[in-house]
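Understanding the architecture of this molecule
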Amino acid sequence: MTATTLFGLCAAALVGLGLYGLIVNPQPLRKILSFNLMGNGIFLVAAVIARRGAAAGMGGDPVPQALLITAIVVAFAASALAVALMLRLFEETGACSLSTKSDPASAPAPAEGGEA
Amino acid sequence: MKIAIDAFTIVAILAGLFFFVAGTVGLLRFPDTLTRLHALTKADNLGLGLVVLGLLPQTDSVFAGLKLILVWLLVLLASAAVSQLIARTARQPEARP
Amino acid sequence: MSTTTHIGLVLLLLGLALWITVARNSFAAVAGFIAYGLLLTLAWLALSAIDVALTEAAIGAGLTGALLIGAASRLRDVEASAWAERPGATTRALAALISTVAAAGVAVCILKLPDPGPTLAPEAARHLAATGVGNPITAVLMSFRAMDTLLEATVLLIGLIGVWSLAPDRVWGGRPGLTPKTDPNGALAYLARVLPPIGIVIGIYIFWVGADHPGGKFQGSTVLAAMGLLVMMSGLRDVPAVRSRWLRAALIAGPATFIAVGAAGAFTSGAFLAYPEDFAKPFIVVIEAALLPSLAVTLVLLLSGPPRRPEPFP
């Protein structure tokens, strides 16, 4: 099994684990962690595709690798926004939870989890 | 000559690995924060130092070797400061932010 | 790297990912995430993506880890009550089923990738000399796909505005974060005095050397941002108020320069973000030098969060 296939299958496992954690964990912080896990799995798939495009003296196709750099930076910005949302929710309600059972009647919140 | 250099690298890195393992075992088995910090410093100072020492003959230029030593010195600085902070917080749990 | 190293690396990655998903304590999960990020750096190296490895170590493991540690420490007290809302066994079984299907789908796609893989590397190599830089990734980021980099800088700014918009009305325009407890003789203040000069030199070095070797402005600006964060966390300098003009000017200087150079290219070379023939490198250097401080300030502010202390008008 070559390195690219091995890391590709690892990426598939990371996507699966991230999706499971996203659905099952009730805390928003854990959902953000699992979402980052899923994102890293997809980045690994892109890196595998870049590695398989090695030619012309380079170790990998530079275009997907450059897009990966962009992706990692934008993923951090998205995580920062998600954490800021979560901390604001914590400041307003005093508990960090996405459940609707304990909401005050005047401001019902949506019951979906995950990232914005 | 190359065999001697490679043998030196392998011996130094194995010695460094021994200290890393010792530090990790200490982290997992020691009873409280201060003793665990003590174990971790072995990994940072001696472990990383021996690994860097073993890698120095393998570099192609003096500049690359100096960069490796700079990495080790920066890790020393950061881990010393962070160990101080963790130890201070561990001694005063009521002052935790 | 040999196959055994790769297999060991993959096993460690999957083990840590499992830990992150099932660990009870959120702080432990975040610690696992930082270790996972550093191991992912080794995975990028195994796939010969050195620039990506630098970015992952700096932003993926470093900054994201710092962000999540800050969040986890603030949420420490409400941990137990949130854990009680775990879904029942049926939901978990269904989630496991969906996750397995998704993972199997990605695995099938990986195994069915065309062989030999299509690649743009020969095209990039052919036009590399015209851009004047030696690192193909910098050439792709700043010349072939400069539009993507411009949009990325803009997205970072929009994300920052989104973070700022979460401030309560009464503290709008104020300073992010709590008032720091300063101990001018403490270990953190010592570190914040000794490390930033070294860090700034390293950051600018990584940025400058990115023209011909692995590196570049994203990695360099992250090191600069880390030094700024260290100074603010130690209390030597306070976080700037969101209202201050120089802060906003520093934030938009980078993308504004990028857009200006692009517009100039529209007039002189016929297309937005086109560089003149054989004169591309000075333009690239100007854009990168303007983006470096803007990116560093943006990253510092993204990590600091929305304003929480009111700032009186002068």
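Everything quoted here is computed from the prediction, not taken from an experiment.

Rules and cut-offs
Residues numbered from 1 in each chain as written. Chains lettered and ligands numbered in written order. Predicted model: local features only at pLDDT ≥ 70, side-chain atom pairs only at ≥ 80, totals over all residues. Helix = DSSP H or I, 4+ residues; strand = E, 2+ residues; numbered from the N terminus. Buried ≥ 20, exposed ≤ 12 C-beta atoms within 10 Å, placed from the backbone. Contact = placed C-beta atoms within 7 Å. Nonpolar A, V, L, I, M, F, W, Y, C, P; charged D, E, K, R; others polar. Domains from an automatic or database assignment. Expected span 1.5 Å × (residues − 1). Bend = angle between axes of the 7 residues up to and from the residue. pLDDT = per-residue confidence, 0-100. Axes fitted to C-alpha atoms, helices over the stretch in contact; angles between N-to-C directions. Parallel < 35°, antiparallel > 145°, perpendicular 65-115°, else oblique. Left-handed = near helix turned anticlockwise from the far one by under 90°. Core = buried A, V, L, I, M, F, W, Y, C linked by C-beta atoms within 7 Å.

With that settled, consider the overall build of chain C. Within chain C, the secondary structure is distributed over 12 helices and two strands. Counting helices and strands in the order they occur from the N terminus, chain C gives α-α-α-α-α-α-α-α-β-α-α-α-α-β. The principal-axis extent of the C-alpha atoms belonging to chain C is close to 65 × 65 × 35 Å. With 314 residues in all, chain C has 39% of them scored as buried. Long-range contacts, defined as pairs at least 24 residues apart, comprise 74% of the intrachain contacts of chain C with a sequence gap of at least 6.

When helices and strands are counted, chain A shows three helices and zero strands. Of the regular secondary structure in chain A, the N- to C-terminal order runs α-α-α. Across the 116 residues of chain A, 59% fall into the buried class. For chain A, the share of sequence-separated contacts (at least 6 apart) that also reach a separation of at least 24 residues comes to 52%.

For the rest of this paragraph, the subject is the interface of chain C and chain A. In this complex, chain C contributes 78 residues to the contact, which on the side of chain A involves 73 residues. Among the elements that take part in the side of chain C that touches chain A, helix α3 (residues 50-74) of chain C stands out by supplying 13 residues, more than any other. Residues of the side of chain C that touches chain A, tallied by class, amount to 53 nonpolar, 16 polar and nine charged.

Residues and elements named next belong to chain C. Domain annotation of chain C identifies domain 1 (1-86) and domain 2 (121-314). Using only C-alpha atoms to locate each centre, domain 1 and domain 2 end up separated by 25 Å. Listed per partner, the contact involves 10 residues of domain 1 and 11 residues of domain 2. Here the side of domain 1 that touches domain 2 is composed, by residue class, of seven nonpolar, two polar and one charged.

All names here are of chain C. The first and last C-alpha atoms of helix α12 (residues 280-304) sit 36 Å apart over 25 residues, in line with the 36 Å expected at 1.5 Å per residue. A maximum bend of about 25° is found in α12 at Leu-291, where proline Pro-293 lies one to four positions downstream. In terms of residue burial, α12 counts as a mostly covered element, since 18 of its 25 residues are buried. The positive-phi residue at the C-terminal boundary of α12 is Gly-305, with phi of around 90°.

This part covers the environment of Val-78 of chain C. Topologically, Val-78 of chain C is positioned in the loop between α3 and α4 (79-83). Along the sequence, Val-78 of chain C and Ala-153 of chain C sit 75 residues apart, while their C-alpha atoms lie 35 Å from each other. Beyond its immediate stretch of four places on either side in the chain, Val-78 of chain C contacts Ala-95 and Cys-96 of chain A.

On to unusual backbone geometry, then. All names here are of chain C. Phi is positive for Ser-48, which is not a glycine, with a value near 60°. Here Ser-48 is to be found in the loop between α2 (26-46) and α3. C-beta crowding within 10 Å serves as the criterion here: with 18 such atoms nearby, Ser-48 is assigned to the partly exposed category. A positive phi angle is found at Leu-273, which is not glycine, with a value near 65°. Mapping Leu-273 onto the fold places it in the loop between α11 (245-268) and α12. Judged by the 22 C-beta atoms lying within 10 Å of it, Leu-273 falls in the buried class.

Per-residue confidence for chain A averages 84 on the pLDDT scale, and 85% of its residues sit at or above 70. Note that pLDDT drops below 50 for residues 111-116 of chain A; the model gives that stretch 15 contacts with residues more than four away or on any other chain.

All names here are of chain B. Two numbers describe how helix α2 (residues 33-55) lies on helix α3 (residues 62-91): the axes approach to 10 Å, and their chain directions differ by 180°. Taken together, the axes of α2 and α3 lie roughly antiparallel to each other. Within the contact between the two elements, α2 uses Thr-33, Leu-34, Leu-37, Thr-41, Asp-44, Asn-45, Leu-48, Gly-49, Val-52 and Leu-55 and α3 uses Leu-68, Ile-69, Trp-72, Val-75, Leu-76, Ser-79, Ser-83, Ile-86, Ala-87 and Ala-90. By residue class, the composition of the contact of α2 with α3 is 13 nonpolar, six polar and one charged.

Turning to the arrangement of the chains, a few remarks are in order. By contact count, the leading pair among the two pairs of chains in contact is chains A and C. Across the gap from chain A to chain B, with no contact made, the nearest C-alpha atoms are 16 Å apart.

Now for the packing of helix α8 (residues 146-164) of chain C against α11 of chain C. Residue and element names in this part refer to chain C. The N-to-C vectors of α8 and α11 enclose an angle of 150°; their axes lie 10 Å apart at closest approach. In terms of orientation, α8 lies roughly antiparallel with respect to α11. Crossing geometry of α8 relative to α11 is assigned as left-handed. Contacts from Leu-150, Ala-153, Thr-154 and Leu-157 of α8 reach α11 at Leu-251, Gly-254, Pro-255, Phe-258, Ile-259 and Gly-262. For the contact of α8 with α11, the class distribution of residues is seven nonpolar, three polar and no charged.

Looking at the secondary structure, you find Thr-149 of chain C in helix α8. The class for Thr-149 of chain C is buried, based on 25 C-beta atoms found within 10 Å. When the C-alpha positions of Thr-149 of chain C and Val-261 of chain C are compared, they lie 13 Å apart, and in sequence the two are 112 residues distant. Apart from residues lying up to four places away in sequence, Thr-149 of chain C is in contact with Thr-70 of chain A together with Leu-141 and Met-142 of chain C.

The next thing to look at is the confidence of the model for chain C. Summary statistics for chain C give a mean pLDDT of 88 and a share of 99% for residues scoring 70 or more. Among the scores for the predicted complex, ipTM is 0.92 and pTM is 0.90.

Moving on: the nonpolar core. Core analysis: the largest hydrophobic core is formed by 125 residues, its most contacted members being Ala-11, Leu-44, Ala-47 and Ala-80 of chain A. Split by domain, the residues of this core number at least three in each of domain 1 (1-86) and domain 2 (121-314) of chain C. Excluding residues within four positions of it along the chain, Ala-47 of chain A makes contact with Leu-68 of chain A together with Trp-44, Leu-47, Ala-49 and Val-52 of chain C.

Look at helix α3 (residues 62-93) of chain A: 47 Å from first C-alpha to last across 32 residues, which is about the 46 Å you get at 1.5 Å a residue. Directly after α3 of chain A, the chain includes Gly-94 of chain A, whose backbone phi takes a positive value near 80°.

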